[in-house]
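If you want the building blocks of each chain, they are given just below.
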Amino acid sequence: REVGLGKLQAALEASHGPALSETVTTVKVNVTNMGDRAGAESILLMMEPPAEAKMAPKRTLIAFDKVYLEASEVRQVEFNITAHNLALADEQGNWKPQTGVWHLRVGDTKQKLNIVSER
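Please read all numbers here as calculations on a predicted model, not as lab measurements.

(A) Layout of the overall build of the protein. Secondary structure assignment for the protein yields zero helices and nine strands. Each helix and strand of the protein, placed in order from N terminus to C terminus, yields the pattern β-β-β-β-β-β-β-β-β. Considering the protein as a whole, with its 119 residues, one finds that 36% of them fall into the buried category. Expressed as a percentage of contacts within the protein between residues at least 6 apart in sequence, the contacts between residues at least 24 apart total 66%. With the model as given, the accessible surface of the protein reaches about 7,400 Å², and the carbon-plus-sulfur share is 46%.

(B) Looking closely at a nonpolar patch on the surface. Residues L44, L61 and F64 make up a contiguous nonpolar surface patch of about 300 Å² in total accessible area. Note that L61 resides in strand β4 (residues 60-69).

(C) Inspection of the pattern of salt bridges at higher detail. Enumeration over the complete set of coordinates arrives at three salt bridges. A network of salt bridges, in which partner residues are shared, links E48, R59 and R105.

(D) Structural view of unusual backbone geometry. A positive phi angle is found at S72, which is not glycine, with a value near 65 degrees. Within the element layout of this structure, S72 appears in the loop between β4 and β5 (74-82).

(E) Inspection of the nonpolar core at higher detail. The biggest cluster of nonpolar side chains holds 18 residues, and the ones touching the most others in it are V27, V31, I43, L45, F79, I81 and L104. Listing elements by their share of this core, those giving two or more residues are β2 (23-32), β3 (39-48), β4, β5 and β8 (100-106). Ignoring any residue separated from it by four or fewer positions in sequence, one finds F79 in contact with T25, T26, V27, I43, L45, A63, F64 and D65.

(F) Examining the pairing of β3 more closely. Two strands pair when backbone bridges link them, and β3 and β4 are joined in this way by nine bridges, in the antiparallel orientation. Looking at β4, one finds that L45 is bridged to A63. Pairing between β3 and β8: four bridges, direction antiparallel. Paired with L45 across the strands is V106, a residue of β8.

Criteria and cut-off values
Residues numbered from 1 in each chain as written. Predicted model: local features only at pLDDT ≥ 70, side-chain atom pairs only at ≥ 80, totals over all residues. Heavy atoms only, no water. Helix = DSSP H or I, 4+ residues; strand = E, 2+ residues; numbered from the N terminus. Buried < 20%, exposed > 50% of the residue type's maximum accessible area, 1.4 Å probe, protein only. Contact = heavy atoms within 4.5 Å. Areas by Shrake-Rupley, 256 points an atom, 1.4 Å probe, with all protein chains shown as cover. Patch = residues over 30% accessible without salt bridge, like charges linked within 9 Å, V, L, I, M, F, W, Y side chains within 5 Å. Salt bridge = Lys/Arg side-chain N within 4 Å of Asp/Glu carboxyl O. Core = buried A, V, L, I, M, F, W, Y, C linked by side-chain atoms within 4.5 Å. Pairing = 2+ DSSP bridges.

Laid out in structure tokens, this is it:
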């Protein structure tokens, strides 16, 4: 299994950022069937919040897709990252953009990609 990743950067304004449902960036992953038979692979997209985030889960599954590939086939899978994915709930339950470095883990969670969210 081979997973290709690129760099990406997302910027959020803490006070006047995008609507929570708005896509702020897209993650594209190339999935290659390295075998000689058709098969399926589940692609998981997990996010880890910035280290300074208080009371946040260590890792959250935000998207997944199951891809069926013929032998030696390569297919690109896309995941949209929304402003909601880069936000955390405060003590009152209101979603607020969380600035800092977010980490993405794709596939088997061994691959890591950073998203930088700046004020």
